[in-house]
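An overview of the molecular structure
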Amino acid sequence: DLVSFEDEVTDLTTKNFQLKHQLDNTYLKLCQKELGLKNTNSQLDGNRKACLLLEKLYGNERSRNESLKKYKQDTAAKIECMQMEYTKMEAENRSVKQRLHRTEEE
């Protein structure tokens with residue numbers, strides 16, 4: 001029975017070695033997965049920061065567009081006002097010319 005006991009010890013030692021090898025491989029895979037998750041989290045964080053930056057840039061651009069629209073409207077209103085003033089001055093100028101022409105005729 002000593003031989004069978006030694007065989008059993010050898011089998012158990014072999015199984016123990018195999019289990020330790022599997023455990024090491026599993027641990028290595030877990031470490032790789034954890035590293036992969038860390039990389040993924042890092043990429044996601046980078047993507048989130050990029051999205052926030054794009055949102056900020058989009059907001060700034062939208063705000064700038066709003067300002068430009070308002071400036072365009074204000075400028076159009078000023079131009080209209082200036083055209084009315086010009087029309088009024090033209091009418092006054094015609095009136096003065098007519099009076100001058102009448103004065104010259106008299």
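These notes cover the structure that comes with them. Values in this document were obtained by computation on a predicted structure and should not be read as measured data.

Our next topic: the overall build of the protein. Counting secondary structure elements, the protein contains one helix and zero strands. The C-alpha atoms of the protein give a radius of gyration of 45 Å, which is well past the 13 Å a tight globule of 106 residues would have. Oriented by its inertia axes, the alpha-carbon framework of the protein measures out at about 155 × 10 × 10 Å. Looking at the protein, you have 19 positive and 19 negative side-chain charges, and the mean spots of the two groups are 9 Å apart.

Tallied over the full model, the rule gives six salt bridges. The shortest N-O distance in the salt bridge between Asp24 and Lys20 comes to 3.5 Å. Within this pair, Asp24 and its partner Lys20 are both found in helix H1 (residues 2-105), separated by four residues, close to a single helical turn. We classify Asp24 as partly exposed; its relative accessible area is 39%. The residue Lys49 makes a salt bridge to Asp45 at a minimum N-O spacing of 3.4 Å. Remark: Asp45 and Lys49 occur in helix H1; sequence separation between them is four residues, near one turn of the helix.

Mapped onto the secondary structure, Lys78 falls in helix H1. Residue Lys78 is classed as exposed on the basis of its relative accessible area, which comes to 58%. Once the C-alpha coordinates of Lys78 and Asp7 are considered, the two residues, 71 residues apart in sequence, prove to be 104 Å apart.

This part covers a negative patch on the surface. Taken together, the side chains of Glu6, Asp7, Glu8 and Asp11 make up a negatively charged region of the molecular surface. Residue placement: Glu6 occurs in helix H1.

Take a nonpolar patch on the surface next. Judged by side-chain polarity, Leu2, Phe5 and Val9 come together as a nonpolar surface patch covering roughly 300 Å² of accessible area. Along the chain, Phe5 falls in helix H1.

Thresholds applied
Residues numbered from 1 in each chain as written. Predicted model: local features only at pLDDT ≥ 70, side-chain atom pairs only at ≥ 80, totals over all residues. Heavy atoms only, no water. Helix = DSSP H or I, 4+ residues; strand = E, 2+ residues; numbered from the N terminus. Rg over C-alpha atoms; globule rule 2.2 N^0.38 Å. Lys, Arg positive; Asp, Glu negative; His and termini not counted. Charge placed at Lys NZ, Arg CZ, Asp CG, Glu CD. Salt bridge = Lys/Arg side-chain N within 4 Å of Asp/Glu carboxyl O. Buried < 20%, exposed > 50% of the residue type's maximum accessible area, 1.4 Å probe, protein only. Patch = residues over 30% accessible without salt bridge, like charges linked within 9 Å, V, L, I, M, F, W, Y side chains within 5 Å. Areas by Shrake-Rupley, 256 points an atom, 1.4 Å probe, with all protein chains shown as cover.

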